[in-house]
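Each chain is listed here by its residues.
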Amino acid sequence: KLFHLQQLQGAWFPAPETAGFAAFAQRYRARFSSEPTRIATLSYDALSLAAALVRTQGSQRFSEAVLTNPSGFAGADGLFRFHTDGTNDRGLAVLEIRNGSATVVSAAPKSFSGS
């Protein structure tokens, strides 16, 4: 396993915190009796965002101003936001490989304030 390689011990990397995916996976398993792929949260977040915007933003729901809200949106894997140039930001944690597992060194941000 990758996390057991001696050369990687102490390495840091960005990633979503595991709690959001774990909760998503539990709901997915209950509904579909199978395991979700790791990237299933991307589709889930896209659909959840579209539904929420339809419910809350009226005729402006898919306008550039709404979609590029600097505060972003909360997703299954944490905070994300879109920019007008087509790029996006994700609020990721910093993890460190230690003794065969990943340990959170710096938690994912809860907001994009100040950035």
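### Description of the overall build of the chain
Right, on to step 1. The number of helices and strands found in the chain is three helices and six strands.
Right, on to step 2. In the chain, the order of α-helices and β-strands from amino to carboxyl end is β-α-α-α-β-β-β-β-β.
Right, on to step 3. For 115 residues, the compact-globule estimate of 2.2 N^0.38 gives 13 Å, and the C-alpha radius of gyration of the chain, at 17 Å, exceeds that figure by more than 25%.
Right, on to step 4. When contacts within the chain are restricted to residue pairs at least 6 apart in sequence, those whose partners lie at least 24 apart make up 44%.
Right, on to step 5. Of the roughly 7,700 Å² of accessible surface on the chain, 58% is carried by carbon and sulfur atoms.
Right, on to step 6. Charged side chains of the chain number 11 positive and 8 negative; the gap between the two group centres comes to 8 Å.

### Some thoughts on helix α1 (residues 18–32)
Right, on to step 1. The end-to-end C-alpha distance of α1, which contains 15 residues, comes to 21 Å, matching closely the 21 Å that a straight helix rising 1.5 Å per residue would cover.
Right, on to step 2. Of the surrounding secondary structure, the elements contacted by the buried residues of α1 are α2 (40–56).
Right, on to step 3. The positive-phi residue at the C-terminal boundary of α1 is Ser 33, with phi of around 55°.

### Considering the layout of surface pockets
Right, on to step 1. In this structure, the largest pocket spans a volume of roughly 200 Å³.
Right, on to step 2. If you list the elements that add at least two residues to the lining of the largest pocket, you get α1, β2 (73–75) and β3 (78–82).
Right, on to step 3. Split into classes, the residues belonging to the lining of the largest pocket amount to eight nonpolar, four polar and three charged.

### With respect to the environment of Pro 14
Right, on to step 1. Within the secondary structure, Pro 14 sits in strand β1 (residues 12–15).
Right, on to step 2. Along the chain, Pro 14 and Val 104 lie 90 residues apart, while their C-alpha atoms are 9.6 Å from each other.

### As for the pattern of salt bridges
Right, on to step 1. If you walk through the whole model with that rule in mind, you get four salt bridges.
Right, on to step 2. Arg 38 serves as the salt-bridge partner of Asp 77, at 3.1 Å between the closest nitrogen and oxygen. You can see Asp 77 sitting in the loop between β2 and β3 and its partner Arg 38 sitting in the loop between α1 and α2, a full 39 residues away along the chain.
Right, on to step 3. Note on Asp 77: relative accessible area 10%, which makes it buried.
Right, on to step 4. The exposure class assigned to Arg 38 is partly exposed, which follows from its relative accessible area of 37%.

Basis of the calculations
Residues numbered from 1 in each chain as written. Predicted model: local features only at pLDDT ≥ 70, side-chain atom pairs only at ≥ 80, totals over all residues. Heavy atoms only, no water. Helix = DSSP H or I, 4+ residues; strand = E, 2+ residues; numbered from the N terminus. Rg over C-alpha atoms; globule rule 2.2 N^0.38 Å. Contact = heavy atoms within 4.5 Å. Areas by Shrake-Rupley, 256 points an atom, 1.4 Å probe, with all protein chains shown as cover. Lys, Arg positive; Asp, Glu negative; His and termini not counted. Charge placed at Lys NZ, Arg CZ, Asp CG, Glu CD. Expected span 1.5 Å × (residues − 1). 1 Å grid on protein atoms, 1.4 Å probe; cavity = no way out; pocket = protein on both sides within 12 Å on 5 of 7 lines; lining within 4 Å. Points joined across faces, edges and corners; volume = space filled by probe spheres on them. Nonpolar A, V, L, I, M, F, W, Y, C, P; charged D, E, K, R; others polar. Salt bridge = Lys/Arg side-chain N within 4 Å of Asp/Glu carboxyl O. Buried < 20%, exposed > 50% of the residue type's maximum accessible area, 1.4 Å probe, protein only.

None of the figures reported here should be taken as evidence of function without further support.
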